[in-house]
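# Observations on the model geometry
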Amino acid sequence: MAGHLLLVCRLMVRDLRRRRTETVLLLIAIGAATGTLTLGLALNNALAQPYERTRAATAGPDVVATPGATGQDALAALAPLAAAPGVTAHSGPYPMAYLMLTARGKTVPAVVQGRDDSPAALDRPAVTDGTWVRPGGVVFEPTFANALGVHIGDTVDINGHSLRVVGTAVTAARAVYPSADWRTSAGSPLTESAGLVWVDRSQIGALAGARPLSYTLNLRYADPRASTSFTHKRTDGIEYSSWVGIAEADGRLVKPARLALMVGSWLLTALAVAGVANIVAGRVVDQRRRVGLLKAVGAGPAMIAAVHLAEYLVIALAAAGAGLAAGWLAAPALTNPGAGLLGSTGTHPPALRTVLAATVLALAIAAAAALAPVLRAATTDTVDALADAATPPRRRGWRVWLSRRMPTALLIGVRINARRPRRARLVMVNTLITTAGLAALLMGLAQDRHVRLGETELTNPRGTRTLQAMLLVIVVLCVLALINAVVSTWTAVLDARHPLAVARTLGATPAQVTAGMAVAQILPAIPGVALGIPAGIGLYLVTSRGDVQYAPASWMLALALTVLLTVAALTAIPALAATRRPVADALQSTPT
């Protein structure tokens, strides 16, 4: 047993040293899938954890009460709530006005709240940049500031009064832009999209002018169920907003991005399986002679399978670690304080379930891709393994008749695919997944990513973050697909050196040979593109809500042509390099 284990380890180390390029490609393929999964799970945690951190850091209330009345009537309605049974703490009432704000030539509705410069018992907004409120200054909620493009030191106009932007801050007492709930009049049940700003309490009366002031009161209850049993309710003319509802509104910023990353991780997993299978198949084919030699000296199928699987499982574990690190480091880019929340997922190590999920995924990819070719090699007859012959094409009368009438380049491409049909199927899968991802991205780019605030359109942070997540997935997907295509084309060219040399001996020109190799890759890519475009459109429709705008047909046509031309170009480069080699050398270097 010890001798067998030592032999497996020695052969594994030898293969890893000799095939460093393929090992790196395997690490990239598996690591891309595990990294995207880690990022998706990190955003899943971000739906609750950043709000909870914000709520803890800012002493967020359990319930926010806002009466429908204004002025002294509002204060009178709120007065009994502070001393109501079960209330353990409160802050306010704070004056609030629904006004129009102008910044950088854009006039938008804004919820303006007056605050003191001293900290309160509940709802102490955390300053993320600059300072807190002071006379003549205004503090923005960060997401609202980003949408307007304002920065510290800029001057804005609120209801005809100029104020200087002195800082940005986050709160757990009100939903972030664009869900700050602006009302045309205090007490109105109809709300509009808006952002939140704070000003010095002494100035809000002058800013509001003739508009009556509303008020808001923050409450904390002894019984947690008093605030978790509802999200919004109206009782006796007072509207109550629970922290649960505010958390849900904030979570909508990253929920579509998380879904995009999770779907992207599925696509990357499938693409990684196809890529790893392609690499593994090429390695196993190259090692068929070694399989025959091991069998000749007494090694059984179990020993042959262990020699090959051990290598891929070790690579998978290393790729899982790399993917976890990459996903963990990339997570803060999608959950930064600009979302109106405190903290970032990158400051905490990945959770144990995330580590286990990434590790299981990496091992599953390696096992799924390697199992079939490894078992096929382990069960191959010793004589056949030593002969190392390709799959002979099935010759039928109608096929022979048809091949006589084919152009030379097309005939070469068809025969190459007939020799290695599994490689052709992997090319189709690789093209299908890549095209589906790109088609979904084009659908995302065709959507309206703006939100209307009054008569002005601003960037919708939810749409922006979703597009960022999609772009991240597509970049990784394209890189992985490019690697798979390069490996597939180079493997096909190397494997077809002898048939191509024979074709050149029989009169085929280097141009025809190059075109034939391109045809061999394009033929399986065509059905992949044809199926990938509707698959990508359907995938976007299934994962989207609301009205969806379809991408123009010209975009999809350009996508199909670009994918096919890229496949042809990637194939032409190694094929041209192979045709420069003398025919005699190619025939001598490849066994017949």
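Structure shown above.
Every value quoted in this text rests on a predicted model; they were computed, and no experiment measured them. Per chain, the residues get numbers from 1 upward, laid out in the order the sequence is written. Two thresholds apply to this predicted model, a pLDDT of at least 70 for residue-level local features and 80 or more for giving and counting side-chain atom pairs, whereas whole-chain, interface and lining totals are computed over all residues. Just so you know, side-chain values use all the structure's heavy atoms and leave hydrogens and water out.

### Considerations on the overall build of the protein chain
Looking only at helices and strands, the protein chain has 21 helices and 13 strands in total. Scored against the burial criterion, the 592 residues of the protein chain give a buried share of 49%. We call two residues in contact whenever any of their non-hydrogen atoms come within 4.5 Å of each other. If you take every contact in the protein chain between residues at least 6 apart in sequence, the share linking residues at least 24 apart comes to 82%. Surface summary for the protein chain: the accessible area is close to 26,400 Å², and the carbon and sulfur share equals 63%. Put simply, DSSP H or I for four residues or longer makes a helix, DSSP E for two residues or longer makes a strand, and each gets a number counted from the N terminus. The rule is simple: take the accessible area with a 1.4 Å probe, protein chains only, and divide by the maximum for that residue type; under 20% is buried, over 50% is exposed, in between is partly exposed. Areas reported as accessible are Shrake-Rupley estimates using a 1.4 Å probe. Residue values count occlusion only from the protein chains shown.

### Structural notes on the pattern of salt bridges
Between Lys or Arg on one side and Asp or Glu on the other, a salt bridge is scored when a side-chain nitrogen of the former is within 4 Å of a carboxyl oxygen of the latter. According to the stated counting rule, one finds seven salt bridges in the structure shown. R201 serves as the salt-bridge partner of D116, at 3.5 Å between the closest nitrogen and oxygen. Here the residue D116 occupies a position in the loop between strand 3 (106-115) and strand 4 (126-130), and R201 occupies one in the loop between strand 8 (195-200) and helix 6 (204-208), the gap between them amounting to 85 residues. Judged by relative accessible area, D116 falls into the partly exposed class, the value being 32%. Close ionic contact of E239 with R183 constitutes a salt bridge, the shortest N to O distance being 2.8 Å. Within this pair, whereas E239 is found in strand 11 (residues 238-242), its partner R183 is found in the loop between strand 7 (161-170) and strand 8, the two being separated by 56 residues in sequence. Taking relative accessible area as the criterion, E239 reaches 16% and is therefore assigned buried.

### Observations regarding the pairing of strand 10 (residues 232-235)
The two faces of a sheet get side chains in turn, since along a regular strand they alternate between them. By this definition, two strands are paired if DSSP reports at least two bridges between them. With four bridges joining them, strand 10 and strand 11 adopt antiparallel strand pairing. Bridge pairing links H232 to S241 in strand 11. Between strand 10 and strand 11, which follow one another and run antiparallel, lie two residues, and D236 among them has a positive phi close to 50°.

### Here's the deal with the packing of helix 16 (residues 421-445) against helix 19 (residues 510-543)
All axes here are fitted lines through C-alpha atoms, helices being fitted over the stretch that makes contact, and every angle between N-to-C directions spans 0 to 180 degrees. At their nearest, the axes of helix 16 and helix 19 sit 6 Å apart, and the two run at 35° to each other. Seen along the crossing, helix 16 lies across helix 19 with a hand that is right-handed. A breakdown of the residues in the contact of helix 16 with helix 19 according to their chemical character gives 18 nonpolar, seven polar and no charged. In this scheme the handedness of a crossing depends on how the near helix is turned from the far one: anticlockwise by less than a right angle means left-handed, clockwise means right-handed. Three classes are used: nonpolar for Ala, Val, Leu, Ile, Met, Phe, Trp, Tyr, Cys and Pro, charged for Asp, Glu, Lys and Arg, and polar for all others, with Gly counted as polar.

### A few points about the pairing of strand 3
With eight of 10 residues buried, strand 3 lies mostly within the body of the structure. In this structure, strand 2 (residues 87-103) lies alongside strand 3, joined through eight bridges in antiparallel fashion. In the sheet register, Y98 faces strand 3, and the bridge partner there is V111. If you look at the hairpin formed by strand 2 and strand 3, you'll find two residues sitting between the two strands, and R104 has a positive phi there, around 50°. Here strand 3 pairs with strand 8 via six bridges, running parallel. When the sheet's bridge partners are listed, Q113 is paired in strand 8 with W198.

### Some words on the nonpolar core
In terms of nonpolar packing, the biggest core is built from 49 residues, with I30, I365, L477, L480, I533, M556 and L559 touching the most fellow members. For this core, the secondary structure elements donating two or more residues are helix 2 (20-46), helix 9 (255-286), helix 11 (301-330), helix 12 (352-378), helix 16, helix 17 (461-495), helix 19 and helix 20 (553-579). Sort the elements by how many residues they give to this core and helix 9 lands first, with nine residues. Only buried residues count toward a nonpolar core, which is a set of Ala, Val, Leu, Ile, Met, Phe, Trp, Tyr and Cys residues joined through side-chain atoms within 4.5 Å. With 40 residues, the next largest nonpolar core counts V63, L78, Y177 and Y215 among its residues.

### Structural notes on the packing of aromatic side chains
Side-chain rings of Phe, Tyr and Trp (the six-membered ring for Trp) are treated as a pair once their centres are within 6.5 Å; stacked means planes under 30 degrees apart, edge-to-face means over 60, and tilted covers the remaining angles. Inspection of the entire model under this criterion finds three aromatic pairs. With a centroid separation of 5.6 Å and 55° between ring planes, the pair formed by W132 and W198 is classed as tilted. In this pair, W132 sits in the loop between strand 4 and strand 5 (137-140) while W198 sits in strand 8, placing the two residues 66 residues apart along the sequence. Grouping residues by exposure puts W132 and W198 together as buried. The criterion is that NZ of a Lys, or CZ of an Arg, lies within 6 Å of the ring centre and within 35 degrees of the ring normal, and then a charge sits over that ring. One cation-aromatic arrangement involves R115 over Y94; the distance from NZ or CZ to the ring centre is 3.9 Å. The residue whose ring lies beneath K233 is Y240, and the NZ or CZ to ring-centre distance is 5.8 Å.

### Here we look at a positive patch on the surface
Patch construction takes residues with relative accessible area above 30% that form no salt bridge. Like charges are linked within 9 Å, and nonpolar side chains (Val, Leu, Ile, Met, Phe, Trp, Tyr) are linked within 5 Å. Under the convention used here, Asp and Glu are negative, Lys and Arg are positive, and both His and the chain ends fall outside the count. Every charge is mapped onto a representative atom, which is NZ of Lys, CZ of Arg, CG of Asp or CD of Glu. A grouping of R252, K255, R462 and R545 is seen on the molecular surface, where their side chains present a positively charged patch. Within the secondary structure layout, R462 lies in helix 17.

### A few points about the packing of helix 15 (residues 408-419) against helix 19
Relative to each other, helix 15 and helix 19 sit at 55°, their axes nearing to 7 Å. With respect to helix 19, the element helix 15 is oriented oblique. The chirality of how helix 15 crosses helix 19 is right-handed. Facing helix 15, whose interface residues are T408, A409, L410, I412, G413, V414, I416 and N417, helix 19 presents Q512, V513, A515, G516, M517, V519, A520, L523 and P524. For the contact of helix 15 with helix 19, a count of residues per class yields 12 nonpolar, five polar and no charged. An angle below 35 degrees is read as roughly parallel, one above 145 as roughly antiparallel, one from 65 to 115 as roughly perpendicular, and any other as oblique.

### Remarks on a nonpolar patch on the surface
Nonpolar side chains collect at one region of the surface, where L410, V414 and L523 lie side by side and expose about 180 Å² of accessible area between them. Following the sequence through the fold, V414 ends up in helix 15. On the basis of relative accessibility, which here comes to 33%, the residue V414 falls in the partly exposed class.

### Some thoughts on unusual backbone geometry
Looking along the chain, the bond that leaves G92 and enters P93 is cis, with omega of 5°. Position of P93 relative to the elements: it lies in strand 2. Note the cis peptide between Y177 and P178, where omega equals 5°. Relative to the helices and strands, P178 resides in the loop between strand 7 and strand 8.

### Considering helix 8 (residues 243-251)
The element helix 8 is extensively covered by neighbouring structure, given that eight of its nine residues are classed as buried. Residues W243, V244, G245, I246, A247, A249, D250 and G251 constitute the buried set of helix 8. Two N or O atoms form a polar contact when they lie within 3.5 Å of each other; inside protein one atom must be a possible hydrogen donor and the other a possible acceptor, and for residues adjacent in sequence the pair counts only when both atoms belong to side chains. Regarding helix 8, its N-cap is S242, as a side-chain oxygen of that residue lies 3.1 Å from the backbone nitrogen of V244 further along.

### Comments concerning the environment of A110
Within the fold, A110 resides in strand 3. Between the alpha carbons of A110 and F144 there is a distance of 9.4 Å; along the sequence they are 34 residues apart. Beyond its immediate chain neighbours, meaning those up to four positions away, A110 contacts A97, Y98, L99, L101, F144, W182, A194 and G195.

### Looking at the side chain of Q113
By secondary structure assignment, the location of Q113 is in strand 3. Among the polar contacts listed, one links the side chain of Q113 to the side chain of R115, at a separation of 3.2 Å. Residues in contact with Q113, not counting those within four places in the same chain, are Y94, P95, M96, D123, V197, W198, V199, I204 and T216.

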